[in-house]
Amino acid sequence: MPIINSSKTDPNKILPMTYLWARQHYKDGIANNWTPEEVSMQKDVEQWKSPQVLSDEERRLILWNLGFFSTAESLTANNIVLAVYNHVTNPESRQYLLRQAFEEAVHTDTFIYCCDTLGLDPDEIYNMYQTIPSIREKDEFVVDLTRSVLDPGFNTEGLENVQQFVRDLVGFYVIMEGIFFYAGFAMMLALKRQNKMVGIGEQFEYIMRDESLHLAFGCDLINTIKVENPEIWTQAFQDEIVELITRSVALEQRYAHDACPNGLLGINADQFSEYVEYIADRRLERIGLPRVYGRQNPFPWMSQSTDLAKEKNFFETRVTEYRTGASLTWD
Ligand code: FE
Ligand code: MN
């Protein structure tokens, strides 16, 4: 039974399952469970209050990333619940979507926790998607691309509507979660590597681990729709998706340069741009499209830091590792 447009699918009958990958992503999500309060913010609060530790540029970069992510997480959650869930009636995929929706709530909670502990002005943070052009442009790009799927009259029947639905999936899973999140991840993890704002850095690591699963689910969903509806995958549609992804790369590079104009200790702003190109190629390949950039990964430590199966020092921090032995691979 196909994953969309099957009148035979009973959303309440999960067994027997058709799409075992969806089930596996659900289990991997459960194995990664975490909450922001498990990460201590004590050292971050001290560093944030101290006039010596962080430069003005680093403070600005942290605020920008909190500003971007705080609203991007709710935009993503809304898209799952209000658009994707409506049209994907397959029960094991819906089980995953419910899990992902919960994870987006955890991510939203992370930014509440950061605002509270650091004493940030919520109006400043939550208005950045309107006040900072390079944040606003990223959000508008995804929202414009996906608006028609939110129309109550939208359905996925017919070639053009299936393509429109795939545009929505590309917009949120591949571009928002797979490209627009990654310059920010790299910046916050680069700071953490310098022992700056390590609590927020660790929260970003957990978010990145979740997002790599969201991305994997989204790509599996796109690839399944392609296999089941091969007529949508015309050359023109492939070209359009490649073009959307290259435009999103340009927006993310602009964001990286605006958020971090002079780089961070040992990293110049151009390397963030190269990193965005490197990950964009990975995303293209994951949905069966050719690479565009051919970049090497300028930050090999980024893929290491997604391996969060870390041995925590029991006496210093709480153990936040819930994994029960399942082995995971990361994008
Ligand atoms: Fe998220
Ligand atoms: Mn997500």
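This report concerns the structure included in the present document.

Let us now look at the overall build of the protein chain. In terms of regular secondary structure, the protein chain is built from 13 helices and 0 strands. Against the compact-globule benchmark of 20 Å for 331 residues, the protein chain has a radius of gyration of 20 Å, which places it among compact chains. Along the first, second and third principal axes, the C-alpha atoms of the protein chain reach 60 × 40 × 40 Å. Taking all 331 residues of the protein chain together, the buried fraction comes to 56%.

Let us now look at the coordination of the manganese ion (ligand 2). Coordination of the manganese ion (ligand 2) by the protein involves E104 (OE), E177 (OE), E211 (OE), E211 (OE) and H214 (ND1), with metal-donor separations of 1.7 to 2.8 Å. Along the chain, the residues that donate to the manganese ion (ligand 2) are spaced as E-x72-E-x33-E-x2-H. In this structure the iron ion (ligand 1) is found 3.0 Å away from the manganese ion (ligand 2), and E104 serves as a bridging donor for the pair. In this pair, E211 and H214 both sit in helix 10 (residues 198-228), 3 residues apart, roughly one turn of the helix. Residue classification places E211 among the buried residues on the basis of a relative accessible area of 0%. In this structure H214 comes out as buried when scored by relative accessible area, which is 0%.

What follows covers the coordination of the iron ion (ligand 1). Binding of the iron ion (ligand 1) to the protein goes through E73 (OE), E104 (OE), H107 (ND1) and E211 (OE), at separations of 1.9 to 2.2 Å. Around the iron ion (ligand 1), the 4 donor atoms sit at angles spanning 82 to 135°, and that spread fits a shape best called irregular. Along the chain, the residues that donate to the iron ion (ligand 1) are spaced as E-x30-E-x2-H-x103-E.

Quick look at the packing of helix 1 (residues 20-31) against helix 4 (residues 91-118) now. The geometry of helix 1 relative to helix 4 is characterised by a closest axis approach of 8 Å and an angle of 25° between their N-to-C directions. Classified by the angle their axes make, helix 1 and helix 4 are roughly parallel. By crossing handedness, the relation of helix 1 to helix 4 is classed as left-handed. Residues W21, A22, R23, H25, Y26, G29 and I30 of helix 1 form the contact with helix 4, whose participating residues are E92, S93, Q95, Y96, R99 and E103. The class makeup of the residues in the contact of helix 1 with helix 4 is 5 nonpolar, 4 polar and 4 charged.

Taken as a whole and assessed by the stated rule, the structure comprises 13 salt bridges. Residue E103 is joined to R99 by a salt bridge in which the shortest nitrogen-to-oxygen separation is 2.7 Å. In this pair, E103 and R99 are both assigned in helix 4, 4 residues apart and thus about one turn of the helix distant. We classify E103 as buried; its relative accessible area is 1%. Since its relative accessible area comes to 8%, R99 is described here as buried. Here R254 makes a salt bridge to E137, at a shortest N to O gap of 2.7 Å. Pair noted here: R254 is in helix 11 (residues 235-259) and E137 is in helix 7 (residues 133-146), with a separation of 117 residues, a long-range link. Residue classification places R254 among the partly exposed positions, given a relative accessible area of 35%. What makes E137 partly exposed here is its relative accessible area of 26%. One connected set of salt bridges, linked through shared partners, spans E137, R254 and D258.

This part takes up the nonpolar core. Ranked by internal contacts, the top residues of the largest apolar core, which has 102 residues, are I62, I200 and I225. In contact with I225, other than residues within four places in its own chain, are I3, I4, V162, F165, V166, L169 and I232.

Bringing helix 4 into the picture now. Relative to the 40 Å expected for 28 residues at 1.5 Å per residue, helix 4 spans 41 Å between its end C-alpha atoms, a close match to the ideal helical length. Of the residues one or two after helix 4, G119 is the one with positive phi, at around 65°.

Counted by the stated rule, this structure contains 23 aromatic pairs. Here Y19 and W21 contribute two aromatic rings whose centre-to-centre distance is 5.9 Å and whose plane-to-plane angle is 55°, an arrangement assigned as tilted. Owing to a relative accessible area of 6%, Y19 belongs among the buried residues under this scheme. Measuring from centroid to centroid gives 5.8 Å for F68 and Y255, while their planes differ by 50°, and the two rings are tilted. With a gap of 187 residues between them, F68 in helix 3 (residues 56-87) and Y255 in helix 11 connect regions that are remote in the sequence. Just as F68 is buried, Y255 falls in that class too. Its guanidinium or amino end placed over the ring of Y255, K138 lies 3.8 Å from that ring's centre, counting from NZ or CZ.

Conventions and cut-offs
- Per chain, the residues get numbers from 1 upward, laid out in the order the sequence is written.
- Chains and ligands are labelled by the order in which they are written, letters from A for the one and numbers from 1 for the other.
- For a predicted model such as this one, the threshold for reporting local features is a pLDDT of at least 70, and the threshold for listing and counting side-chain atom pairs is 80 or more; totals across whole chains, interfaces and linings nevertheless cover every residue.
- Derived side-chain values reflect all non-hydrogen atoms in the structure, with water molecules and hydrogen atoms excluded from consideration.
- What counts as a helix is a DSSP run of H or I of at least four residues, what counts as a strand is a run of E of at least two, and both are numbered from the N terminus.
- To get the radius of gyration, use the C-alpha atoms; to get the globule rule, take the number of residues to the power 0.38 and multiply by 2.2 Å.
- Exposure categories follow from relative accessible area, calculated using a 1.4 Å probe and restricted to protein chains: below 20% of the type maximum is buried, above 50% is exposed, and the middle band is partly exposed.
- Each metal site lists N, O and S donors within 2.8 Å (3.2 Å for Na, K and Ca). With water left out of the atoms, a site can look as if it is missing ligands.
- Angular criteria define each label, namely tetrahedral for four donors with all angles between 85 and 135 degrees, square planar for four and octahedral for six donors with opposite donors over 155 degrees apart and remaining angles between 65 and 115, and irregular for whatever fails these tests.
- The axes are straight lines fitted to the C-alpha atoms, using for helices just the contacting stretch, and the angles between their N-to-C directions are given from 0 to 180°.
- Under this scheme an angle from 65 to 115 degrees is roughly perpendicular, one under 35 degrees roughly parallel, and one over 145 degrees roughly antiparallel; angles in between are oblique.
- Left-handed is the label given to a crossing in which the near helix is rotated counterclockwise from the far helix by less than a right angle, and right-handed is the label when the rotation is clockwise.
- Any two residues whose heavy atoms approach within 4.5 Å are treated as being in contact.
- In the scheme used here, Gly and all other residues not listed as nonpolar or charged are polar, with Ala, Val, Leu, Ile, Met, Phe, Trp, Tyr, Cys and Pro taken as nonpolar and Asp, Glu, Lys and Arg as charged.
- Throughout this description, the term salt bridge denotes a Lys or Arg side-chain nitrogen within 4 Å of a carboxyl oxygen of Asp or Glu.
- Here, nonpolar core refers to any group of buried Ala, Val, Leu, Ile, Met, Phe, Trp, Tyr and Cys residues whose side-chain atoms link them within 4.5 Å.
- For a helix, the expected span equals 1.5 Å multiplied by the residue count minus one.
- In summary, the pairing rule links any two rings of Phe, Tyr or Trp, Trp by its six-membered ring, whose centres are within 6.5 Å, and it sorts them by plane angle into stacked for under 30 degrees, edge-to-face for over 60 and tilted for everything else.
- Over a ring means this: the NZ of a Lys or the CZ of an Arg is within 6 Å of the ring centre and within 35 degrees of the ring normal.

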